[in-house]
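Chain and residue survey
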Amino acid sequence: MKKYTKQDIMDIVEEEDVRFIRLQFTDIFGTFKNVAITASQLEKALDNKCMFDGSSIEGYVRIEESDMYLYPDLDTFEIFPWRPQNGKVARMICDVYRPHGVPFEGDSRYVLKRVLKQAAAMGYSFNVGPECEFFLFHTDEDGRPTTITHERASYFDMAPLDLGENARRDIVLTLEDMGFEIEASHHEVAPAQHEIDFRYDNALKTADNVMTLKLVVKTIAKRHGLYASFMPKPLTSVDGSGMHINMSLSRNGENIFADPTSPDGLSQECRYFIAGLIKHARAMSIFTNPLVNSYKRLVPGYEAPVQVAWSSINRSPLIRIPAARGASTRVEFRSPDSAANPYLVMAVCLAAGLDGIKNKLEAPNPVNINFYEMSDEEIQEAGFVSLPRDLKEACQALEEDDFIQDVLGEHVVKKYVDAKKKEWMEYSREVSQWEINEYLYRI
């Protein structure tokens, strides 16, 4: 991992002819924002004196307390490889602070840092590897996004079936230029759907990388005349886009989820961690699946989880334990989608798992049956709990879980839930094309 000083940054900016620096930060809904400065203002920014109007950002603060400051994380400094080579553009990811050096409680990066600090106090480091999926669609004659694609490729197909292969290759090469270690990239199951997996790392760096990946994917796709969408379910009849989260805890460099003496290779701490995820999964859904559209992905028949359960041999439950053991032992949480704020997703996943460890929660028995082949009646008779069916139910689940509310803090919970309730109300009163098609001509 790069380690920069202020002087290092100033030297690189001068030597590389960097003219603009984007000070990036993420709002609570997972949208990348930035304030752009010229190189002449760099020293001021490095001294944490760059101010912006927080009242203009949804979910932040009221106008009477609007002054916010950006504190750049020096180690996130990168020069954008797709920008001009004369007068280059760079970026730094920032934490958001109130005046007088107080971290802003509504900064999702700070929320994750706070939970990571709790894990560190227990002797743990938290490593995460995401699987980021997205669609590449055509644009119309005005450059606006559509859901049109001419390809019919599926899982692991290659050109000429995979019409997005060239764009995906350029995306991967750009990410590597920015320091990513890409483990795999491939066409996904749905036409025009793609996945890029980068190497696991500590949770904070991984969340930063997810935000950077989204920016790079959209930027390079546009250069290919395509529109990259991280919408969870843009098309009704195909699989949606997930962001599966692979997690492990380490102590003194050793993966504590591994236990070679147990029959399945899993430690008791791993089982406790799983139990915590299961206990809080429904309340976490509003963050792992943040949109009205998210819940159209979490339906039977499209390889997305619906039931809150775990397994080490099949992919249908919420939690899967991949086959690798030893240092590679990990827990795969399969409900998050690609619209989620990665900082909040990783914060609630870690906090829920730590709750399981602290309180030695007992995980239920693993499920070795395929939920996709079970009827609703069979699932109900077996007593399995389901994830929320829609955004309204997800809001209610969060309001019933005091622990997850405490993890996020009062500011984030109130701003987030208020916005999501408004989103649900707006959706509920909107007349959809389905209703027109279903009712207009026969009622």
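Our structure is the block above this text.
Below or above, wherever it landed, is the structure these notes cover.

With that out of the way, let us pick up the overall build of the protein chain. The helix and strand inventory of the protein chain stands at 12 helices and 17 strands. Whereas a compact globule of 443 residues would reach a radius of gyration of roughly 22 Å, the protein chain reaches 22 Å, a difference of no more than 12%. In terms of overall dimensions, the protein chain has C-alpha extents of about 65 × 60 × 50 Å along its principal axes. Across the 443 residues that make up the protein chain, the buried fraction comes to 53%. Accessible surface computed for the protein chain: about 20700 Å², of which carbon and sulfur atoms make up 49%. Taken as two groups, the 50 positive and 68 negative side-chain charges of the protein chain have centres that lie 3 Å from each other.

A word on a nonpolar patch on the surface. A contiguous nonpolar patch, built from Val431, Ile436, Leu440 and Tyr441 and spanning about 450 Å² of accessible area, is present on the exposed surface. Within the element layout of this structure, valine 431 appears in the loop between helix H11 (410–428) and helix H12 (433–439).

With that settled, the discussion passes to helix H9 (residues 391–399). Turning to H9, its buried residues are Leu391, Glu393, Ala394, Cys395, Ala397 and Leu398. As for H9, its buried residues are in contact with helix H6 (268–288), helix H10 (402–408) and H11. Structurally, the start of H9 carries an N-cap: the backbone nitrogen of lysine 392 is 3.2 Å from a side-chain oxygen of aspartate 390.

Below, the discussion takes up the packing of H9 against H11. It is the contact of H9 with H11, at a shortest axis distance of 9 Å, that shows an interaxial angle of 155°. For the element pair H9 / H11, the angle class is roughly antiparallel. You can see that H9 and H11 cross each other, and the crossing is left-handed. Contacts between H9 and H11 involve Leu391, Lys392, Cys395, Leu398 and Glu399 on the former and, on the latter, Val413, Val417, Lys420, Lys421, Glu423 and Trp424. Of the residues contributing to the contact of H9 with H11, the split by class is six nonpolar, no polar and five charged.

The next thing to look at is a negative patch on the surface. There is a patch of like negative charges on the surface, built from Asp376, Glu377, Glu378 and Glu381. Its place among the elements puts glutamate 378 in helix H8 (residues 376–382). By relative accessible area, which is 42% here, glutamate 378 ends up partly exposed.

With that out of the way, let us pick up the side chain of histidine 187. Looking at the element boundaries, histidine 187 is found in strand E9 (residues 182–187). For histidine 187, the side chain forms a polar contact with the side chain of glutamate 151, separated by 2.3 Å. Looking at histidine 187, its side chain comes within polar contact range of the main-chain nitrogen of alanine 192, at 3.5 Å. Not counting the four nearest positions on each side in its chain, histidine 187 is found in contact with Glu151, Ala153, Ser154, Tyr155, Phe156, Asp157, Asp162, Arg168, Ala192, Gln193 and His194.

So, about unusual backbone geometry. With a phi angle near 60°, glutamate 303 is a residue other than glycine that sits in the positive phi range. Here glutamate 303 shows up in the loop between H6 and strand E15 (310–311).

Attention now goes to the packing of aromatic side chains. Scanning the entire structure with this criterion turns up 12 aromatic pairs. For the ring pair phenylalanine 135 and phenylalanine 137, a centre distance of 5.3 Å and an interplane angle of 10° mean the geometry is stacked. Accessibility classification places phenylalanine 135 together with phenylalanine 137 in one group, the buried group. Taken together, a centroid distance of 4.7 Å and an interplanar angle of 45° make the contact between phenylalanine 287 and tyrosine 416 tilted. One end of the pair, phenylalanine 287, is in helix H6; the other, tyrosine 416, is in helix H11, with 129 residues separating them in the sequence. Each of the two residues, phenylalanine 287 as well as tyrosine 416, counts as buried.

Among the six residues in strand E10 (residues 193–198), six count as buried, and that is most of the element. Burial along E10 is two-sided: Gln193, Glu195 and Asp197 and His194, Ile196 and Phe198, pointing in opposite directions, are all buried. Note that strand E8 (residues 125–138) and E10 share five bridges and pair antiparallel. Residue pairing across strands places phenylalanine 134 opposite histidine 194, the latter belonging to E10. Hairpin connection of E9 to E10: five residues between the antiparallel strands, including alanine 192 at a positive phi of 70°.

Conventions and cut-offs
- Residues numbered from 1 in each chain as written.
- Predicted model: local features only at pLDDT ≥ 70, side-chain atom pairs only at ≥ 80, totals over all residues.
- Heavy atoms only, no water.
- Helix = DSSP H or I, 4+ residues; strand = E, 2+ residues; numbered from the N terminus.
- Rg over C-alpha atoms; globule rule 2.2 N^0.38 Å.
- Buried < 20%, exposed > 50% of the residue type's maximum accessible area, 1.4 Å probe, protein only.
- Areas by Shrake-Rupley, 256 points an atom, 1.4 Å probe, with all protein chains shown as cover.
- Lys, Arg positive; Asp, Glu negative; His and termini not counted.
- Charge placed at Lys NZ, Arg CZ, Asp CG, Glu CD.
- Patch = residues over 30% accessible without salt bridge, like charges linked within 9 Å, V, L, I, M, F, W, Y side chains within 5 Å.
- Salt bridge = Lys/Arg side-chain N within 4 Å of Asp/Glu carboxyl O.
- Contact = heavy atoms within 4.5 Å.
- Polar contact = N/O pair within 3.5 Å; in protein donor to acceptor, adjacent residues only side chain to side chain.
- Axes fitted to C-alpha atoms, helices over the stretch in contact; angles between N-to-C directions.
- Parallel < 35°, antiparallel > 145°, perpendicular 65-115°, else oblique.
- Left-handed = near helix turned anticlockwise from the far one by under 90°.
- Nonpolar A, V, L, I, M, F, W, Y, C, P; charged D, E, K, R; others polar.
- Phe/Tyr/Trp six-rings, centres within 6.5 Å; stacked < 30°, edge-to-face > 60°.
- Pairing = 2+ DSSP bridges.

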